[in-house]
Structures are given as C-alpha cells and as structure tokens.
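Listed below are the residues making up each chain.
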Amino acid sequence: MNESQSAPLPFTAAEARKALDAACQKNGLPVDDAKLIRLGENAIFQLSAEKVIVRIARGIEVLPDVMKEVAVADWLRESGLPAAEPADYEQPVIALGRPVTFWRLIEDSGEKASVRDLARILRRLHHLPVPSDLPLPRFDIFNRVSERVAKAEVLSDQDHEFLVSRIAELRERHQNLHYRLPPCAVHGDAHQQNLIPAVDGTVFLIDFERFAFGPPETDLAVTATERFVGWHTAADYESFADVYGFDVTAWEGFAVLRSINELKMTTWLMQNVNESEKVAREFRTRFTSLRSDGAVRSWTPF
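A brief structural summary.

Reading the values: rules and limits
Residues numbered from 1 in each chain as written. Predicted model: local features only at pLDDT ≥ 70, side-chain atom pairs only at ≥ 80, totals over all residues. Heavy atoms only, no water. Helix = DSSP H or I, 4+ residues; strand = E, 2+ residues; numbered from the N terminus. Rg over C-alpha atoms; globule rule 2.2 N^0.38 Å. Buried < 20%, exposed > 50% of the residue type's maximum accessible area, 1.4 Å probe, protein only. Contact = heavy atoms within 4.5 Å. Areas by Shrake-Rupley, 256 points an atom, 1.4 Å probe, with all protein chains shown as cover. Lys, Arg positive; Asp, Glu negative; His and termini not counted. Charge placed at Lys NZ, Arg CZ, Asp CG, Glu CD. Axes fitted to C-alpha atoms, helices over the stretch in contact; angles between N-to-C directions. Parallel < 35°, antiparallel > 145°, perpendicular 65-115°, else oblique. Left-handed = near helix turned anticlockwise from the far one by under 90°. Nonpolar A, V, L, I, M, F, W, Y, C, P; charged D, E, K, R; others polar. Core = buried A, V, L, I, M, F, W, Y, C linked by side-chain atoms within 4.5 Å. Pairing = 2+ DSSP bridges.

Some remarks on the overall build of the protein
Helix and strand content of the protein: 9 helices and 9 strands. Over its C-alpha trace the protein gives a radius of gyration of 19 Å, about what one expects of a compact globule, namely 19 Å for 302 residues. A principal-axis box enclosing the C-alpha atoms of the protein has dimensions of 50 × 45 × 35 Å. For the protein, the residues scored as buried account for 52% of the 302 residues in total. Relative to all contacts within the protein whose residues are 6 or more apart in sequence, the contacts with residues 24 or more apart total 73%. Accessible area of the protein: about 14,100 Å², with a carbon and sulfur share of 50%. Side-chain charges in the protein split into 35 positive and 45 negative, and the spacing between the mean points of these groups amounts to 3 Å.

Some points on the packing of helix α8 (residues 254-270) against helix α9 (residues 277-290)
Packing of α8 against α9 brings their axes to within 9 Å, and their N-to-C directions diverge by 150 degrees. By the angle between their axes, α8 is roughly antiparallel relative to α9. Note that α8 runs across α9; the crossing there is left-handed. Here α8 contributes E262, L263, M265, T266, L269 and M270 to the contact with α9, which in turn contributes V279, E282, F283, R286, F287 and L290. A class-by-class count of the residues in the contact of α8 with α9 yields 8 nonpolar, 1 polar and 3 charged.

Quick word on the nonpolar core
With 71 residues, the main nonpolar core has W75, L76, L125, F208 and F211 as its most contacted residues. When residues in this core are grouped by element, the largest group, 8 residues, is from α8. The next biggest cluster of nonpolar side chains, apart from the first, holds 21 residues, and it includes A23, A34, A43 and L47.

Brief notes about the sheet that holds strand β3 (residues 52-57)
The sheet built from 5 strands is open, its strands ordered β1-β2-β3-β5-β4 with antiparallel pairing. Two strands in the sheet have a free side with no partner beyond their single neighbour: β1 (35-39) and β4 (93-95). Neighbour-to-neighbour, the strand axes of this sheet turn through a mean angle of 30 degrees, independent of strand direction. Relative to β3, strand β2 (residues 42-47) runs antiparallel, the two being bridged by 6 bridges. Counterpart to A43 in the pairing with β3 is I56.

Some words on the environment of I141
Considering the arrangement of structural elements, one finds I141 in the loop between α3 (115-126) and α4 (145-151). Residues I141 and G188, spaced 47 residues apart in sequence, show a C-alpha to C-alpha distance of 7.9 Å. When near neighbours in sequence (up to four residues on either side) are disregarded, I141 contacts H174, T218, L257, I260 and K264.

So this is what it looks like as structure tokens:
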C-alpha cells in the first residue's frame, strides 16, 4: 500500500479524477479512456480497455472499510456467491489522501436487476456462515450520518440543528428496537444499483464498503423504504418480500428503520449538491420530507 501525505480537497468529480490519475500511475494503468460512471460515497471510474473498475473513496478515514471490501470479496467468491472481484494490482493504494481499489470489470448486459434478484441474493447472503477470521464490524445503521452533517456547508444553522436533533431522536428510538431475525452478514447498502446482471445472465453483487454483522431487517428495509418514496410499485415490493420470505414492513420496528433510511438517503445526496442544480433541488425535496413522517414522498433516484 502506497502512502501520500496530501490532504484531500472537497470530493468533486474533478478532484476524484486527479486521484484516479495518481492511483493508476502507481499501478501502471493507462487512463486515456477513463469514464466516471458514478459519484456518490465513492467515485467509480471505468477503464474499458483494461477492463478495470476503479473505486476512489472520499478520505483516509475510511481505509479500514476499503480494506474490508477486498476481504469480503474474496470470501464471497470462495462461498460461491457471484460478486465483484478485486483485480490483480497492488491495492489499496493511497492517492492524494484517498484510498483507491481496482476491480475486474463485469460485462454488463445493460439490463436492470429486479427486486426479485435482490431478494434472492440477500436470502442467500444472509444464510452464509461467516468465517471467524473475516473482519466484519458490528453493523452501525447511523454510520457516517453525523459526520456528513458536521461537514456540510450547504445547511443553514436552523437546518443543521434540525438534523442533529433528528439523529438524536432516531438513535433513541432505534435503541428500543427488538429485531426478529437472527443476525448475520449484511450488505449494509442493499439496493438494486448494487447488482449487475452480466451478459451470461449471472447477477453479481457489488459494493462491499458497508458489509457488517447485524440484523438482516436492515438490508430488507432499504427496498421497503424505496417503495415508500415512490421507486417501486406495491406489486414489485410484494414480489420482493415473497422471494425473500419475510415482509419487513409488517414488523413493528420498520417505521424506525424507514425514517433512518430516509435520513441516510438525504444526507448522502447532500454531499454532492454542488455538482448540479438537479442534485440540489432533489436534496431540498428530500430534506423537506424529513420534517413530516406522514408527508407523501415523491423522490427521484440518483
């Protein structure tokens, strides 16, 4: 692992590209055809000629999660669950203060994975025995939320106070939850965009940054929350619950997980409000929704 003393600047597409150039130079990878395919918690670049995906994290503080990703990928491959595989390069490397990993490109079919695919893979994942030497932390459903709020420069004092108070309220409510299902390995960010249907029909699981040991209800509640913000039909969600074999919305604790997920989805988007006016508008739509649990959600996915 290479080190750099450079302190990372704000995480923009331009700064992520600089880190990409530096990281790929260390591993002798050409970047002429590099394409940014996603900017979120990480910046994801595709190097088509080399058939490599490069993941750039926001800062050195998440290095343990980055190292965990590689270990989880190796375990999933050994377990027979189709999952993204690390590429054969030195990794992780630190480029301009950001951890960077390299992954084999999955030949994407161009189709979108279904919620049935997600339910099937989550059911399989949640039943895998976890090896004692796999460094899975206990799942923290509030992971990084407070840090995002503390660093946010787009919030008014009043907005900041509201979010701090909301986090405290939800932490207290979460402490009183009684989960029904036995704990297991959880993905931690279990949505359709973290599945890739390959050209041969195999559906691959990706993005292992939030992997942890915890309640499977937390994975299931992601799709259920997306249903309530308008991203899935009632029929689609019913299919998801049927395939998995458990309807998390029928559990008395779901309302708390839904509120936490909506908070996370909003603060995640908040990090990129300076990227475009479209992102900024959607952030404000979501933020306004947080003030009323009963308000109808009509959110746009990013």
